[in-house]
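The residues making up each chain are set out below.
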Amino acid sequence: MRILVVEDERLLADAIAEWLREESHAVDVAGDGAAALERIGVNDYDVVVLDRDLPRVHGDEVCRRMVAGGVEARVLMLTAAAEVGDRVAGLSLGADDYLTKPFAMPELAARVLALGRRTRPGVPPVLSRAGITLDPARREVFRDGRYVSLSKKEFAVLFELLRAGGTVVSAEHLLEKAWDEHTDPFTGAVRLAILKLRRKLGDPQVIDTLPGVGYRIAQRHPHG
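- As annotated in an unreviewed UniProt entry, the protein is DNA-binding response OmpR family regulator from Actinoplanes italicus.

1. Description of the confidence of the model for the protein
- Scored by pLDDT, the protein comes out at a mean of 87, with 87% of its residues at no less than 70.
- When the elements of the protein are averaged for pLDDT, helix H4 (residues 84-92) gives the smallest value, 63, and strand E3 (residues 47-51) the largest, 96.

2. Re the sheet that holds E3
- Pairing is parallel in the open sheet, where five strands are placed in the order E2-E1-E3-E4-E5. The sheet terminates laterally at strand E2 (26-30) and strand E5 (97-100), the two strands that pair on one side only. On average, each strand axis in the sheet is inclined to that of its neighbour by 20 degrees, with strand direction left out of account.
- Judged from the five bridges that link them, E3 and strand E4 (residues 74-79) form a sheet pairing that is parallel. Paired with Val-48 across the two strands is Val-75, which belongs to E4.

3. Looking at the sheet that holds strand E9 (residues 146-147)
- Taking strand neighbours across the sheet as the criterion, the four strands line up as E6-E7-E8-E9 in an open arrangement whose pairing is antiparallel. What marks the edges here is a single partner per strand, and that holds for strand E6 (127-129) and E9.
- Pairing geometry for E6 and strand E7 (residues 132-135), over three bridges, is antiparallel. Its bridge partner lying in E7, Arg-129 is registered against Ile-132.
- In the packing of helix H6 (residues 152-163) onto the sheet, the strands contacted are E6, E7 and strand E8 (140-143), and the crossing angle to E7 comes to about 110 degrees.

Conventions adopted
- Residues numbered from 1 in each chain as written.
- Predicted model: local features only at pLDDT ≥ 70, side-chain atom pairs only at ≥ 80, totals over all residues.
- Heavy atoms only, no water.
- pLDDT = per-residue confidence, 0-100.
- Helix = DSSP H or I, 4+ residues; strand = E, 2+ residues; numbered from the N terminus.
- Pairing = 2+ DSSP bridges.
- Axes fitted to C-alpha atoms, helices over the stretch in contact; angles between N-to-C directions.
- Contact = heavy atoms within 4.5 Å.

Listed below in structure tokens is the structure:
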């Protein structure tokens, strides 16, 4: 998934980003509300991890503008306030979930994953197609019962292909969802990841290439 972390405490922001990248997500970081709104206006995020007490533009206002602008990204709001009234205020502005500091990184990661599934209703916790099974929570992939070891980027690309349910996914979409904003858009990273995925998933091949259009997971491998 593509995630934006908005946190003015740089060490915390970097720690959150690093943890989420270890979970195979593409993560961008913004240090204030104005920078967050700028990135949200340019990139298509699945989840925004949003600190409430931000400089320049307050987290409440960021959330309000996201809702007003029809942004589909889910919002996990972070706050130092533990009072019920503060949590209710954040949720009433359009936040989808709330996490009070200090928090455990595994809990944050689990909440982000749950919110990401809500971004596209109907996406099951475990994705399966053409003999491939992918479990995002456990970060496990199996092909016809055989465990497949993937890199973080390969896992992220396969997740997007499976999440599409057999429809075509463009290379641009894969680049946006699996890599961060610093990646060269003309890089061959997507093509290389697809080549490695094909090799690791083995025969019969299940990833179709539609030249000039994108990639998709085949309906079913031939002997299925």
